[in-house]
Structures are given as structure tokens and as C-alpha cells.
Amino acid sequence: EAVAMLTKAADAGDASAMCAFSVIPLWKTIDSYEDRRALGKKMRERGLAQNHPACMAYQGGMYLLGNVASVPKNIEAAFPLLFESARHGYYVAASRLFYVRKEKALQGQFDFSNRHELKRALCWGRLAEQHTNWARFDLFLGQLHCPTPSSLFCALGASDRPRAASSSCREPSTGYAM
């Protein structure tokens, strides 16, 4: 019944209902994986056509992570969608932008000496963590090699502490190396 209501709202033009199809579990309502995938893609594309930030966040995340078989990894396409979504306050976008950095840190591949990238990671991580502890900002912070917890920002200067929605979160427009 809930899926029918959501479908009705999406068919009536509700972009947020369209975007919800990217994340709601449909396996109890639609048996076929291909049918579920096709419906999610169709609805997400309709929401993207209306520039809905949630659809931008989900599509941008798929492009960035490359973890959905039907969506090829495309970092250049990911960033404009994720930035616009984050600008509208969608934590999913901040979470995805932080996730790639956190994973690099956990794999020992994050360059903590790169002040700009560290500031971005801290900024996106703080924004994501404000909405869900699943962002695992704590794991990233644990990778900082600071002598004491009070020196959390030892890799940064005291005046460089990131602030929510600051310019520290801005990504380079081109040439971003993942």
C-alpha cells in the first residue's frame, strides 16, 4: 500500500517521491530484481530531470563510488550533482564526499600532509556526521596522528579549523584525483 501511494505521488509529479525509489526496499512488493531496478532508475531519472537534490545525491553517489553495476563510475559527472545536493542540505551528498576520503584514510592512502584535502575531509565529515553516525567520522579522526585528543587539529593551524558549510568543503572544479 505504501509503494502504491508513493507511485501515485510520483506519477502526479512529486519529485521527492520519485527520488525515494532509489532507497526504499521494494523486494516485498516487486519480485523481479530487474523490475525493481528499472522502476528505481526511471523514477530517479524523472526526479533528476526536475533537479531534485535527493536524486542528485543518489545519482552522484552512484557515479562517485561506482558500486552500482548499471551506473558506470564517473567522477566528473558525480561532483556537480553532489555539490548541488549538498548546497541544498542533503547529508547523503556530504556523506559520499566524505566516504571516499575516509576509505582512503582507512587504507593508508590518504595524504594527511595535504592541508586542503584534509580540510575538505574534516568539513565533509563533520557535515555528514551531523546527520548520521554511520558516516564514521570517528574512524577518520582516529587516523590522525596527533599526540593528544586536545590537539585534534594538530595537522592544521588553529585558524584553519573547518566550519560547517565553509569554503573548506569546496572541491576543485577539474582535475580531481581520487
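As a starting point, this report considers the structure included with it. (Residues numbered from 1 in each chain as written. Predicted model: local features only at pLDDT ≥ 70, side-chain atom pairs only at ≥ 80, totals over all residues. Heavy atoms only, no water.)

Look at helix 6 (residues 91–106) against helix 7 (residues 115–129): their axes get within 8 Å of each other, and the N-to-C directions meet at 140 degrees. Of the possible angle classes, the one that applies to helix 6 and helix 7 is oblique. As helix 6 runs across helix 7, the sense of the crossing is left-handed. Residues Tyr 91, Ala 94, Ser 95, Leu 97, Phe 98 and Arg 101 of helix 6 touch helix 7, and the partners they reach there are Glu 117, Arg 120, Ala 121, Trp 124, Gly 125, Leu 127 and Ala 128. For the contact of helix 6 with helix 7, a count of residues per class yields 8 nonpolar, 2 polar and 3 charged. (Axes fitted to C-alpha atoms, helices over the stretch in contact; angles between N-to-C directions. Helix = DSSP H or I, 4+ residues; strand = E, 2+ residues; numbered from the N terminus. Parallel < 35°, antiparallel > 145°, perpendicular 65-115°, else oblique. Left-handed = near helix turned anticlockwise from the far one by under 90°. Contact = heavy atoms within 4.5 Å. Nonpolar A, V, L, I, M, F, W, Y, C, P; charged D, E, K, R; others polar.)

By size, the foremost hydrophobic cluster in this structure holds 32 residues, and its most contacted members are Leu 64, Phe 110, Phe 112, Leu 118 and Phe 140. In contact with Phe 140, other than residues within four places in its own chain, are Phe 98, Arg 101, Lys 102, Ala 105, Phe 110, Phe 112, Leu 118, Ala 121 and Leu 122. (Core = buried A, V, L, I, M, F, W, Y, C linked by side-chain atoms within 4.5 Å. Buried < 20%, exposed > 50% of the residue type's maximum accessible area, 1.4 Å probe, protein only.)

Moving on, we get to the state of the cysteines. Inspection of the entire model under this criterion finds 1 disulfide. Sulfur-sulfur distance for the disulfide between Cys 19 and Cys 55 comes to 1.9 Å. Where Cys 19 bonds to Cys 55 through sulfur, the torsion about that S-S bond is close to -115 degrees, and the disulfide is left-handed. A residue pair is termed long-range when its members are at least 10 positions apart, and Cys 19 in helix 2 (residues 15–20) and Cys 55 in helix 4 (residues 53–65) qualify at 36 residues. Its relative accessible area of 1% is what places Cys 19 among the buried residues. (Disulfide = S-S within 2.5 Å.)

A separate point is the packing of aromatic side chains. Going through the model one piece at a time under the given rule, you end up with 6 aromatic pairs. On the basis of an interplanar angle of 75 degrees and a centroid distance of 5.6 Å, the ring pair of Phe 98 and Phe 140 is categorised as edge-to-face. With Phe 98 in helix 6 and Phe 140 in helix 8 (residues 137–142), the pair connects residues that are 42 residues apart, well separated along the chain. No difference in accessibility class separates Phe 98 from Phe 140, as the two residues are buried. Relative to Phe 140, the ring of Phe 110 lies with its centre 5.3 Å away and its plane at 85 degrees, an arrangement referred to as edge-to-face. Of this pair, Phe 110 sits in the loop between helix 6 and helix 7 while Phe 140 sits in helix 8, and the two are 30 residues apart along the sequence. Residue Phe 110 is classed as buried on the basis of its relative accessible area, which comes to 9%. (Phe/Tyr/Trp six-rings, centres within 6.5 Å; stacked < 30°, edge-to-face > 60°.)

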